[in-house]
Amino acid sequence: MKKTITVGLMLIMIMATAGCFAGKMTFNQTYLPGADADKPAIKVVFSNDVNDDIAGYNRKAKLANNIELSWTAPDKLYLHLENSSVYIINPATGDMSRLADDERKEAADLITKKVNITNTAANSGLVKKVMSYVLSTFGQQYTGELHDHGNIFEIYAAVEMQRGTDSSEKSCESARLKAKLTNFQAKEMNLQWPYPCDWTPQTISNYKVPQILRKLHISPSGKYILFEGNLYRFGKEQVEAQLLSTYSGVVSIAVRPDWSSIAILKKSGNKHWVEFFTLKNLD
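It should be emphasised that the depicted structure is a prediction, and the values quoted were computed from it without experimental measurement. (Residues numbered from 1 in each chain as written. Predicted model: local features only at pLDDT ≥ 70, side-chain atom pairs only at ≥ 80, totals over all residues. Heavy atoms only, no water.)

Let's talk about the overall build of the chain
Broken down by element type, the chain carries five helices and 17 strands. Counting the 283 residues in the chain, one finds 43% classified as buried. Residue pairs at least 24 apart in sequence account for 52% of intrachain contacts in the chain once pairs closer than 6 positions are excluded. Accessible area of the chain: about 15300 Å², with a carbon and sulfur share of 53%. (Helix = DSSP H or I, 4+ residues; strand = E, 2+ residues; numbered from the N terminus. Buried < 20%, exposed > 50% of the residue type's maximum accessible area, 1.4 Å probe, protein only. Contact = heavy atoms within 4.5 Å. Areas by Shrake-Rupley, 256 points an atom, 1.4 Å probe, with all protein chains shown as cover.)

Take a look at the structure:
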């Protein structure tokens, strides 16, 4: 009996310890020097009203919904609940306020036009069906531009879907989003990420593809790209470095226009907050 109790206590301690570290973030000290998840340079904790707004937004459960941070100017960091609310956060003071309707529309337009793309696969007709049959893939194709703080990159993106064994055009075994970026020197870079099968229909992809591509952050010189904590050197398809080794609780990441700091939107249950950390000068 005593042995059983001892083993039980050990298991409880192990589980408790695992729980403590499950949400712990570790940082790449080379690119985020001195960063400590427990001691951010600045931390902005959301009020109950903001958390309730986010909770209500999430309950709508629309595939078009999207929550993101967008840092459009040194003193303007936006929390964007697409097609709903926009909040402005002052990183220096920690002040946060919900924008009125006219300001919200203006800010939302500024945020979404970062990626300006057109679906070029919508009218491909017979060609699309033939390619789907021959290659066992089916997807949406987009062309346009990525604008990020003075950098303008041409962009081609495609959703590729691997069909299941039933050979149905609607059957999806796996999918991926591929993107080709072309900079002002006509140099190209190819990236790709896993893509949910549920998002492959055209009506959904038309929302989700731009939302995903807005996660691309370009350094002022155009030499580096950051995507969901993964740092790339332009022209190289391999990840240069992972800035965050644990993604638990991370909702969105944004970089200050001059790339001097990074903002991370985190959540735990119904609570949300933004943490700021210094980013190494890469340019």
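Things to note about the state of the cysteines
Per the stated rule, a full pass over the model turns up one disulfide. Shown here is the disulfide that connects Cys-172 with Cys-197, its sulfur atoms set 2.0 Å apart. Classification of the bridge connecting Cys-172 and Cys-197 rests on its S-S torsion, roughly -65 degrees, and on that basis the disulfide is left-handed. Here the residue Cys-172 occupies a position in the loop between strand E8 (151–162) and strand E9 (174–182), and Cys-197 occupies one in the loop between strand E10 (188–194) and helix H5 (202–213), the gap between them amounting to 25 residues. (Disulfide = S-S within 2.5 Å.)

Looking at the sheet that holds strand E12 (residues 224–227)
Read from one edge of the open sheet, four strands run E11-E12-E13-E14, paired in antiparallel fashion. The sheet is open, and its two borders are formed by strand E11 (216–218) and strand E14 (241–242), each paired with just one other strand. Judged from the four bridges that link them, E12 and strand E13 (residues 230–233) form a sheet pairing that is antiparallel. Looking at E13, one finds that Leu-226 is bridged to Leu-231. (Pairing = 2+ DSSP bridges.)

Here's the deal with a negative patch on the surface
Together, Asp-102, Glu-103, Glu-106 and Asp-109 make up a region of like negative charge exposed at the surface. As for its position among the elements, Glu-103 is in helix H3 (residues 101–112). (Patch = residues over 30% accessible without salt bridge, like charges linked within 9 Å, V, L, I, M, F, W, Y side chains within 5 Å. Salt bridge = Lys/Arg side-chain N within 4 Å of Asp/Glu carboxyl O. Lys, Arg positive; Asp, Glu negative; His and termini not counted. Charge placed at Lys NZ, Arg CZ, Asp CG, Glu CD.)

Description of the layout of surface pockets
Its volume calculated, the largest pocket comes out at about 720 Å³. In terms of lining, the largest pocket is formed by 33 residues, of which the most central are Glu-68, Leu-69, Arg-214, Lys-215 and Ser-252. The set of elements that each furnish at least two residues to the lining of the largest pocket consists of helix H2 (48–59), strand E2 (67–73), H3, strand E7 (141–148), H5 and strand E15 (250–255). With six residues, E2 is the largest single contributor of residues to the lining of the largest pocket. Partitioned by chemical class, the residues of the lining of the largest pocket number 13 nonpolar, 11 polar and nine charged. (1 Å grid on protein atoms, 1.4 Å probe; cavity = no way out; pocket = protein on both sides within 12 Å on 5 of 7 lines; lining within 4 Å. Points joined across faces, edges and corners; volume = space filled by probe spheres on them. Nonpolar A, V, L, I, M, F, W, Y, C, P; charged D, E, K, R; others polar.)

What about the pairing of E7?
In this sheet, E7 lies alongside strand E6 (residues 115–119) in antiparallel orientation, the contact comprising five bridges. Paired with Val-115 across the two strands is Leu-146, which belongs to E7. Note: E7 against E8, eight bridges, orientation antiparallel. Its bridge partner lying in E8, Gln-141 is registered against Ala-158. Linkage of E7 to E8, two consecutive antiparallel strands, is achieved through a turn of two residues, within which His-149 is found at a positive phi near 50 degrees.

Brief notes about the confidence of the model for the chain
In this model, the chain carries a mean pLDDT of 85, and residues with pLDDT of at least 70 account for 82%. Ignoring residues within four places in sequence, the model shows residues 1–23, a span with pLDDT below 50, making four contacts including any to other chains. Of the regions scoring below 50 in pLDDT, residues 132–136 engages in nine contacts with residues more than four places distant in sequence or in other chains. (pLDDT = per-residue confidence, 0-100.)

Let's talk about H5
Residue pairs three or four apart in sequence face the same way in an α-helix, which turns once every 3.6 residues. Taking 1.5 Å per residue as the helical rise, H5 with its 12 residues ought to reach 16 Å, and the 16 Å between its terminal C-alpha atoms agrees with that figure. Residues Ile-204, Ser-205, Lys-208, Val-209, Pro-210, Gln-211, Ile-212 and Leu-213 constitute the buried set of H5. (Expected span 1.5 Å × (residues − 1).)

Concerning unusual backbone geometry
Not every positive phi belongs to a glycine, and Asn-83 is a case in point at roughly 65 degrees. Locating Asn-83 in the fold gives a position in the loop between strand E3 (76–81) and strand E4 (86–89).

Considerations on the pattern of salt bridges
On inspection of all chains with the given rule, the structure shows 12 salt bridges. Taking the shortest distance from any N to any O, the salt bridge between Arg-98 and Asp-53 comes out at 3.5 Å. Of this pair, Arg-98 sits in strand E5 (residues 96–98) while Asp-53 sits in helix H2, and the two are 45 residues apart along the sequence. What makes Asp-53 buried here is its relative accessible area of 16%. Among the charged side chains, a network of salt bridges with common partners joins Glu-68, Glu-82 and Arg-214.

Topic: the environment of Gln-185
As for its placement among the helices and strands, Gln-185 is situated in the loop between E9 and E10. Among the residues examined, Gln-185 registers a relative accessible area of 46% and is labelled partly exposed. Along the chain, Gln-185 and Phe-153 lie 32 residues apart, while their C-alpha atoms are 9.8 Å from each other.

Concerning the side chain of Glu-275
Locating Glu-275 in the fold gives a position in strand E17 (residues 271–278). It is Lys-43 that comes nearest to the buried, bridge-free Glu-275 among opposite-charge side chains, at 4.5 Å. Engagement of the side chain of Glu-275 in a polar contact is seen with the side chain of Trp-273, the distance being 2.8 Å. (Polar contact = N/O pair within 3.5 Å; in protein donor to acceptor, adjacent residues only side chain to side chain.)

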